[in-house]
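Fold and geometry: a report
The lines below spell out each chain.
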Amino acid sequence: MILLDGRKVADDLKAKLALDVVEFEKAYHRKPCLKVIIVGNDPASMVYVKSKHMACQKVGMGSEIINLDSNVTQANLENEIQKLNNDNNVDGILVQLPVPKHIDLTAVLKTIDPKKDADGLTFLSAGYLWSDFEHVQPCTPSGVIKILDFYNIPLKGKRAVVIGRSQIVGKPMAALLLKKNATVTIAHSGTENLRHVVQDAEVVVVAAGKMSFFGSEYFNKNHVVVDVGIHKDLNGKLGGDVKFDEVSAVVKAITPVPGGVGPMTIACLLENTIKLARMRMAKA
Ligand code: GUN
């Protein structure tokens, strides 16, 4: 079994990004800068946001966490985003998800300037993604592809199944696998006989959001499994959608949780911000 070590791939990417930051600073006399908006204080989201902030600092980028009250109005949140849209020293904007129920997420995404869409989640970014137009790609799927590339996992002509159809992972993941010329199936909670759907695939990306849901009965020795889930059990232990201990014993390769996709999501966020910074400054 090959352990697909996302931490290692992320460390390599961040080392390269640190050099890109130095180059950017030489050219434009400022650091690329990411601003992360978090609404409320959901503990898991707070941890993610802090990790993003620390990763920015580690590669020498500017970054700030903007913590808005959980009761913030739609207008005030959109106003905060507009300020960042108009600030020439801000290159990337990320609104941490999920946002509270009273917030209209569609309107929030429409407010983010796609030229600063570090998450690749705006509707224009999604359109670019499916149109093969050069732009930033959503961080988690982008990270998954980089892990598979790093370990030379073939995708061209191979069958890939994505389990999950979210806007943030499942759908863009399918787009990126298709770009790599895989034959892609999107499975989801309504899929009948999922085991049968997965059986003949070479690559399975699991993004169902269900803790320890997928055991060895789903997998075989031909499978490369990427686990996008991240959950904390009652004892505070982190794990994914896949039962790692039993599945790692039967498959060809698998990402661990933690230390798989998570670190790559953050590294790709930094990469996106630097890319957007360069694209915007080159046009200025
Ligand atoms: N919440 C969990 N993952 C993510 C992510 O990649 N981006 C944003 N904006 N929110 C998230």
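Please refer to the structure higher up on the page.
Criteria and thresholds
Residues numbered from 1 in each chain as written. Predicted model: local features only at pLDDT ≥ 70, side-chain atom pairs only at ≥ 80, totals over all residues. Heavy atoms only, no water. Pairing = 2+ DSSP bridges. Helix = DSSP H or I, 4+ residues; strand = E, 2+ residues; numbered from the N terminus. Axes fitted to C-alpha atoms, helices over the stretch in contact; angles between N-to-C directions. Contact = heavy atoms within 4.5 Å. 1 Å grid on protein atoms, 1.4 Å probe; cavity = no way out; pocket = protein on both sides within 12 Å on 5 of 7 lines; lining within 4 Å. Points joined across faces, edges and corners; volume = space filled by probe spheres on them.

Two orientations exist for strands paired in a sheet by backbone hydrogen bonds: parallel and antiparallel. With parallel pairing, the 3 strands of this open sheet are ordered in space as S3-S2-S4. In this open sheet, the two strands that pair with only one neighbour each are strand S3 (62-68) and strand S4 (92-95). Across this sheet, the average inter-strand angle for adjacent strands is 15°, counted without regard to direction. As paired strands, strand S2 (residues 33-39) and S4 are joined by 4 bridges and run parallel to one another. Considered in S4, the bridge of Leu34 is made with Gly92. Taken strand by strand, helix H3 (residues 74-86) contacts S2, S3 and S4, and its axis lies near 180° from that of S2.

One open sheet holds the 6 strands; their spatial order is S1-S11-S8-S7-S5-S6, and the pairing between them is parallel. Taken across any chain shown, the strands that pair with only one partner, and hence form the sheet edges, are strand S1 (2-3) and strand S6 (183-187). Lying over the sheet, helix H7 (residues 170-179) contacts strand S5 (159-163), S6 and strand S7 (203-206), oriented at roughly 170° with respect to S5.

The final tally for this structure, using the stated rule, is 1 cavity of 30 Å³ or more. In this structure, the largest cavity occupies an estimated 50 Å³ of space. Ile93, Leu94, Val95, Leu97, Leu109, Ile112, Asp117, Asp119 and Leu121 are the residues that line the largest cavity. Looking at which element gives the most residues to the lining of the largest cavity, the answer is S4, with 3 residues.

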